[in-house]
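One letter stands for each residue in the lines below.
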Amino acid sequence: MNGSAEWLPSLWKETFEELLDDDNELDHGDQWTLNFSYTQGDTLTKEERKRGWKTFCHSAFGNLKCPSCSKVWSSAKVTVLFRYRLRGERGAVIMRPFGQACRSCHDDTYARPGFSEEEVERAFLRLWAKIRRNCYGEMDDNDVGGEPPHSKNHSKPHESALCEACSQGICRLKEE
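Criteria and thresholds
Residues numbered from 1 in each chain as written. Predicted model: local features only at pLDDT ≥ 70, side-chain atom pairs only at ≥ 80, totals over all residues. Heavy atoms only, no water. Helix = DSSP H or I, 4+ residues; strand = E, 2+ residues; numbered from the N terminus. Expected span 1.5 Å × (residues − 1). Buried < 20%, exposed > 50% of the residue type's maximum accessible area, 1.4 Å probe, protein only. Phe/Tyr/Trp six-rings, centres within 6.5 Å; stacked < 30°, edge-to-face > 60°. Lys NZ or Arg CZ within 6 Å of the ring centre and 35° of its normal.

Asks: Is there a simple way to explain helix α3 (residues 117–136) in this structure?
Replies: An α-helix turns once every 3.6 residues. As a result, residues three or four positions apart point the same way. When the terminal C-alpha atoms of α3 are compared, their 27 Å separation across 20 residues agrees well with the 28 Å that a helix rising 1.5 Å per residue should span. Burial in α3 covers these residues: E119, V120, A123, F124, R126, L127, W128, A129, K130, I131, R132 and Y136. Once α3 ends, the next one or two residues include G137, with phi positive near 70 degrees.

And the structure:
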């Protein structure tokens, strides 16, 4: 299993800072910060849109561990929701990882996903492509518009009944 089955906000924070420092992915002289919200949804109010907020939903490969029975499993369809905006010279990203329920326990407890460093980097690179286009007006030939290849064509179907994002009407995979 690649990556931890534990939710590690520090991995996301450290990777965010390292990528900003090393790669200059958002090299416009603005200060960007990352925070977490475990309740945010994907619907923006008119007021939020006026204040510049946008959303980006990413499907990632994650590992999960049931908080009740400790069963561990992997999923190529973990939903990660980002809200982002640039105001003046300050950029803000707020992220929410969505969990999955354990198939064995059948309770309403959602395990939060853990991710590999490579998967975290992939999510940020896709987010930054959106930020460059939507906040800075850049069009990038290398813009990764589609999902990464591993997120589709997996043999296991998406189990909407176990998906926290589906339960809130956010998951883009619920039609599958």
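Asks: Mind showing me how you'd approach the packing of aromatic side chains here?
Replies: To describe a pair of aromatic rings, you give the distance between the ring centres and the angle between the ring planes. According to the stated counting rule, one finds eleven aromatic pairs in the structure shown. Where W7 meets W12, the ring centres are 6.3 Å apart and the plane angle is 40 degrees; that geometry is what we call tilted. Taking the relative accessible area as the measure of exposure, W12 reaches 1% and is therefore buried. A network of ring pairs unites the aromatic residues W7, W12, F16, F36, Y38, F56, F82, F115, F124 and W128 as a single cluster. Lying over the aromatic face of Y38, R112 brings its terminal NZ or CZ to 3.9 Å of the ring centre.

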